[in-house]
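Residues per chain, in single letters:
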Amino acid sequence: MQRICVYPGSFDPVTAGHMDIIGRIVDMFDQVVVGVLNNAQKKTFFSVEQRINFLRQCTSDFDNVEIAYFDGMLVDFASQQNAKFIVRGLRAVSDFEYEFQMASVNKRLRPELETIFLMTRTRHSFLSSSIVRDVGRYGGDLSSMVPNQICKQLQHDLLRQQ
Ligand code: ADP
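Here's a quick rundown of the structure. (Residues numbered from 1 in each chain as written. Predicted model: local features only at pLDDT ≥ 70, side-chain atom pairs only at ≥ 80, totals over all residues. Heavy atoms only, no water.)

### A closer look at the sheet that holds strand S5 (residues 114-119)
No. 1: Spatially, S3-S2-S1-S4-S5 is the arrangement adopted by the 5 strands of the open sheet, whose pairing is parallel. With partners counted over all chains shown, the strands left at the sheet margins are strand S3 (65-70) and S5, one partner each. Shown here is a sheet whose adjacent strand axes are inclined to one another by a mean of 30 degrees, direction ignored.
No. 2: Bridge analysis of strand S4 (residues 85-90) against S5 gives 6 bridges, and the strand direction is parallel. Bridged to Arg 88 within S5 is Phe 117.
No. 3: The strands that helix H1 (residues 16-25) touches are strand S1 (4-9), strand S2 (31-37), S3, S4 and S5; relative to S1, the one it contacts most, it runs at about 175 degrees.
No. 4: Sheet strands in contact with helix H2 (residues 48-59) are S2 and S3, and its direction is about 170 degrees off that of S3. (Pairing = 2+ DSSP bridges. Helix = DSSP H or I, 4+ residues; strand = E, 2+ residues; numbered from the N terminus. Axes fitted to C-alpha atoms, helices over the stretch in contact; angles between N-to-C directions. Contact = heavy atoms within 4.5 Å.)

Encoded structure:
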């Protein structure tokens, strides 16, 4: 029986914090499905294709990571992927309330699914996609905040949008 997890999020764009979580869960599960939320109500800076493309570039070294998008309920997506686990990252106490609510709702909808939380590494605790977008927009150095593979492209794309 394969241990499959989904790691869902907006990834707008993927950051070093996201990659830290992915790097840690590849050893815990046989298969990691990174689920990119494509929700018309949640406006994103990058299109779903761009977000997936960035993630693919950053995860090409892992042979048990797959990138997919979803637009419905997370629990349905997890079931479609045959996943028994949902992974989320926790940065600060401020993340807790929302995550607790989501995990509780998902547990009610699908009791067989477990949500697992990984604490961020301290050096990434301030890091979010919106910080990356803000710093990049003004030409700030993103090299410690995003994976090397996409840094140049991101600096270019974000600066152009200022
Ligand atoms: P969402 O909109 O679902 O929060 P994000 O792309 O912002 O999507 O985040 C996806 C997941 O990655 C969430 O579980 C989030 O807490 C986690 N995450 C985001 N940034 C970091 C970070 N710097 N360190 C650890 N986990 C993080």
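Next, the rest of the story.
### Concerning the side chain of Thr 59
No. 1: Positionally, Thr 59 belongs in helix H2.
No. 2: Ignoring any residue separated from it by four or fewer positions in sequence, one finds Thr 59 in contact with Met 19, Ile 22, Val 65 and Ile 67.

### Some points on the side chain of Asp 20
No. 1: With respect to the helices and strands, the residue Asp 20 is situated in helix H1.
No. 2: The exposure class of Asp 20 is buried, given its relative accessible area of 11%.
No. 3: Excluding residues within four positions of it along the chain, Asp 20 makes contact with Arg 121 and His 124. (Buried < 20%, exposed > 50% of the residue type's maximum accessible area, 1.4 Å probe, protein only.)

### As for a nonpolar patch on the surface
No. 1: A contiguous nonpolar surface patch, about 260 Å² in accessible area, is contributed by Met 73, Val 105 and Leu 109.
No. 2: Mapped onto the secondary structure, Val 105 falls in helix H4 (residues 93-109).
No. 3: By relative accessible area, which is 43% here, Val 105 ends up partly exposed. (Patch = residues over 30% accessible without salt bridge, like charges linked within 9 Å, V, L, I, M, F, W, Y side chains within 5 Å. Areas by Shrake-Rupley, 256 points an atom, 1.4 Å probe, with all protein chains shown as cover. Salt bridge = Lys/Arg side-chain N within 4 Å of Asp/Glu carboxyl O.)

### A word on the layout of surface pockets
No. 1: The space that makes up the largest pocket amounts to roughly 1,000 Å³.
No. 2: Looking at the largest pocket, it is lined by 43 residues, and the ones nearest its centre are Pro 8, Gly 9, Ser 10, Lys 42 and Arg 88.
No. 3: Counting only elements with at least two residues in the lining of the largest pocket, the list comes to S1, H1, S4, H4, S5 and helix H5 (129-137).
No. 4: Looking at which element gives the most residues to the lining of the largest pocket, the answer is H4, with 7 residues.
No. 5: For the lining of the largest pocket, the residue count by class is 18 nonpolar, 16 polar and 9 charged. (1 Å grid on protein atoms, 1.4 Å probe; cavity = no way out; pocket = protein on both sides within 12 Å on 5 of 7 lines; lining within 4 Å. Points joined across faces, edges and corners; volume = space filled by probe spheres on them. Nonpolar A, V, L, I, M, F, W, Y, C, P; charged D, E, K, R; others polar.)

### Some details on the environment of Gln 149
No. 1: Along the polypeptide, Gln 149 turns up in helix H6 (residues 148-160).
No. 2: Placed 92 residues apart in sequence, Gln 149 and Gln 57 show a C-alpha to C-alpha distance of 6.5 Å.
No. 3: Sequence-distant contacts of Gln 149, that is, excluding residues within four places in its chain, are made with Gln 57 and Cys 58.

### Section: the site of the ligand
No. 1: In the region of the ligand, 15 residues are neighbours, and Tyr 7, Phe 11, Lys 42, Gly 89 and His 124 sit closest.
No. 2: The contact in question runs from an oxygen atom of the ligand to an N or O atom on the side chain of Lys 42, over 2.8 Å.
No. 3: Looking at the shell around the ligand, the elements with two or more residues in it are S1, H1 and S4. (Near = heavy atom within 4 Å. Polar contact = N/O pair within 3.5 Å; in protein donor to acceptor, adjacent residues only side chain to side chain.)

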